[in-house]
Amino acid sequence: MSPKINKIVTITGVWLCRILAGGAFLFSGFAKGVDPWGTLFKFEQYFAAWGLTEPRSLILSGVILLSLVEFLLGVAILTGMYRRKAPWFLLIMMLFFLPLTIYIAAGQPVDDCGCFGDAIILSNSATVAKNVILLAMSIVLVLYNRRVAGVFQDALQWIVSVVSGFYILTISFFGYNYQPLVDFRTYPIGSSLTEEASQGEVKFVYERDGHRMSFPADSLPSPDDGWEFVERSGAFSERYPLLIEDEEGENVTDFVLADEGDLLLVVIPEPERADLSGTMYINRIYEATEVADIEMAALLGDASSDDLERWKDLSMAEYPVYSSDKSLLKSLSRGNISFVYLHDGRITQKNSLSMMSTGRLERLKNGEATVESIVGFPASTTFAWLTRIYLIIILVLIVFSFPFSLMKRIKSRSEKN
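In terms of helices and strands, the chain carries 13 helices and nine strands. Within the chain, the proportion of its 417 residues that are buried is 45%. Sequence-distant contacts, at least 24 apart, represent 73% of the contacts inside the chain between residues at least 6 apart. Working note: accessible area of the chain is about 21,900 Å², and carbon and sulfur atoms make up 60% of it.

In structure tokens:
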């Protein structure tokens, strides 16, 4: 192979690895950062499977740090920054993640790794295959990445890193304190809670005499035959109907989620973690919804009859309180206490209690604002502006780097001649 062809192959191979590996890490960091609550819940699943109990604040710090590291590493690999150090850091991370995902695929402690959050759900075996490919790419980059120039001048790399870090941290701030700016969840804005959801390829796993088998929903085995239910599997990304139960355990979903009219849901997936000081604010919002002739109800995650009564007593709630599946409530809206506004059974707004300021409530009580506008948060607009500003800065730095790269190449050629 001639030197010229060898150089073309090297450049092509390096850029292919940069785009695939860098893009994977950039998107992985973004998916985790845009929805820190979702990543937090996934981390807690891991710790629960391993019998560990860690403070939520500590786990959240790890979530933010991991999303920041993955995003910055993805930017560095994708653009060819830090050509020596970045591939080595990528290799070290893959040497850690690959054995971890092999262990997860073998033991199945969680349904999926959560590598790309709720944006892309990969099976554990698919995650292992992905990491094997990324490990191979990291080795290629360790060997050859230094031979191919990057997009930015070395002197500008720190600016790109700072801007990229600020971008992903800002997105994480909104995702934690408000709602995710990009909604990959089961119930995004615009989806209906009253339409029956498709169950997809859901399978029910049963065990008999140490042997496990999967059965479709319409062909479940009888317990009289010795089959014992183990778990539900498959179609984890599909949307399931939201089941709402009252204190007697009766299904009141159709009663609560009307097909017509406005409804404000107070979503509390983990009542034991909810700050009771916020209940006074919820009560004041309920007073405003009564004036506006808007229905309001609270949904508590996996709450028993005693749990519902306890919440009513502690919060002095005059609004109806019901129980629903904790995991579905976590997917419906993020935060310990949050609000979901529905019009004709369809989600139009979401927000967290922490962002419902007293000033907003006063405007609502004075008739200067609607409940929907108070709950609303312009997630898509905020994301669009943040991303535009970020990309404009990156493009300016690329343009600024071009003349210096051109001058460097001209100087290099002149020295050879």
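That shown, we press on.
Moving on, we get to unusual backbone geometry. The residue methionine 316 is not glycine, and still its phi comes out positive at about 55°. Here methionine 316 lies in the loop between α9 (305-315) and β7 (321-324). Positive phi values are uncommon outside glycine, yet aspartate 344 reaches one of about 55°. Note that aspartate 344 resides in the loop between β8 (338-343) and β9 (346-352).

Here we take up the packing of helix α1 (residues 3-34) against helix α3 (residues 56-79). Close contact between α1 and α3 brings their axes to 7 Å; oriented N to C, the two are set at 155°. Our classification of the angle between α1 and α3 gives roughly antiparallel. Regarding α1 and α3, the two cross each other, and that crossing is left-handed. Broken down by class, the residue content of the contact of α1 with α3 amounts to 12 nonpolar, eight polar and three charged.

Further remarks concern the pattern of salt bridges. Counted under the stated rule, the structure contains 11 salt bridges. Between arginine 334 and aspartate 118 there is a salt bridge; the shortest N-O distance is 3.1 Å. Of this pair, arginine 334 sits in the loop between α10 (326-332) and β8 while aspartate 118 sits in the loop between α4 (85-107) and α5 (124-144), and the two are 216 residues apart along the sequence. On the basis of relative accessibility, which here comes to 36%, the residue aspartate 118 falls in the partly exposed class. Between arginine 310 and aspartate 307 there is a salt bridge whose closest N-O contact spans 2.8 Å. Taken as a pair, arginine 310 and aspartate 307 lie in helix α9 at a separation of three residues, close to a single helical turn. Taken together, the shared-partner salt bridges connect Glu44, Arg56, Glu270, Arg273 and Lys330 into one network.

Relative to the helices and strands, valine 162 resides in helix α6 (residues 157-177). A relative accessible area of 51% means that valine 162 is categorised as exposed.

Turning next to the confidence of the model for the chain. Looking at the chain as a whole, its pLDDT mean stands at 85, while 86% of the residues score no less than 70. By mean pLDDT, the top-scoring element of the chain is α6 (96), and the lowest-scoring one is strand β3 (residues 228-233) (64). Predicted confidence is poor over residues 234-238, with pLDDT under 50, and the contacts of this stretch with residues over four places away or in other chains come to 12 contacts.

We now examine the side chain of glutamine 179. Mapped onto the elements, glutamine 179 comes out in the loop between α6 and β1 (203-208). Glutamine 179 gets classed as buried once you look at its relative accessible area, which sits at 3%. Looking at glutamine 179, its side chain comes within polar contact range of the side chain of serine 333, at 3.5 Å. Side-chain polar atoms of glutamine 179 contact the backbone oxygen of arginine 334, separated by 2.8 Å. With residues up to four places along the chain from it excluded, the contact list for glutamine 179 reads Phe174, Arg185, Ser333, Arg334, Ser338, Lys350, Asn351, Ser352 and Phe377.

What follows is about the state of the cysteines. Under the definition given, this model contains one disulfide. With its sulfur 2.1 Å from that of its partner, cysteine 113 forms a disulfide with cysteine 115. Across the S-S bond of cysteine 113 and cysteine 115 the torsion is about -140°, and the bridge reads as left-handed. Per residue, the accessibility class of cysteine 113 equals that of cysteine 115, and both read buried.

Counted under the stated rule, the structure contains 15 aromatic pairs. A ring pair is formed by tyrosine 46 and tryptophan 50, whose centres lie 5.5 Å apart and whose planes are at 35°; its orientation type is tilted. Relative to tyrosine 103, the ring of tryptophan 50 lies with its centre 6.4 Å away and its plane at 40°, an arrangement referred to as tilted. One end of the pair, tryptophan 50, is in the loop between α2 (36-49) and α3; the other, tyrosine 103, is in helix α4, and 53 residues separate them in sequence. With a relative accessible area of 42%, tyrosine 103 lands in the partly exposed category. Site record: aromatic cluster; members linked through ring pairs are Phe173, Phe174, Tyr178 and Phe377. Here arginine 18 stacks its cationic end above the ring of tryptophan 15, 4.6 Å away from the centre of that ring. One Lys or Arg, lysine 330, reaches over the ring of phenylalanine 41 and ends 4.4 Å from the middle of that ring.

Attention shifts here to the sheet that holds strand β6 (residues 295-301). Taken in spatial order, the six strands of this open sheet run β4-β7-β6-β5-β8-β9, and their pairing is mixed. Either end of the sheet is taken by a strand with one partner, and the two such strands are β4 (244-245) and β9. Bridge count between strand β5 (residues 262-268) and β6: six bridges; the pairing is parallel. Looking at the pairing, leucine 263 lines up with glutamate 295 of β6. Running at roughly 150° to β6, helix α8 (residues 279-291) makes contact with β5, β6 and β8 of the sheet.

Calculation rules
- Residues numbered from 1 in each chain as written.
- Predicted model: local features only at pLDDT ≥ 70, side-chain atom pairs only at ≥ 80, totals over all residues.
- Heavy atoms only, no water.
- Helix = DSSP H or I, 4+ residues; strand = E, 2+ residues; numbered from the N terminus.
- Buried < 20%, exposed > 50% of the residue type's maximum accessible area, 1.4 Å probe, protein only.
- Contact = heavy atoms within 4.5 Å.
- Areas by Shrake-Rupley, 256 points an atom, 1.4 Å probe, with all protein chains shown as cover.
- Axes fitted to C-alpha atoms, helices over the stretch in contact; angles between N-to-C directions.
- Parallel < 35°, antiparallel > 145°, perpendicular 65-115°, else oblique.
- Left-handed = near helix turned anticlockwise from the far one by under 90°.
- Nonpolar A, V, L, I, M, F, W, Y, C, P; charged D, E, K, R; others polar.
- Salt bridge = Lys/Arg side-chain N within 4 Å of Asp/Glu carboxyl O.
- pLDDT = per-residue confidence, 0-100.
- Polar contact = N/O pair within 3.5 Å; in protein donor to acceptor, adjacent residues only side chain to side chain.
- Disulfide = S-S within 2.5 Å.
- Phe/Tyr/Trp six-rings, centres within 6.5 Å; stacked < 30°, edge-to-face > 60°.
- Lys NZ or Arg CZ within 6 Å of the ring centre and 35° of its normal.
- Pairing = 2+ DSSP bridges.

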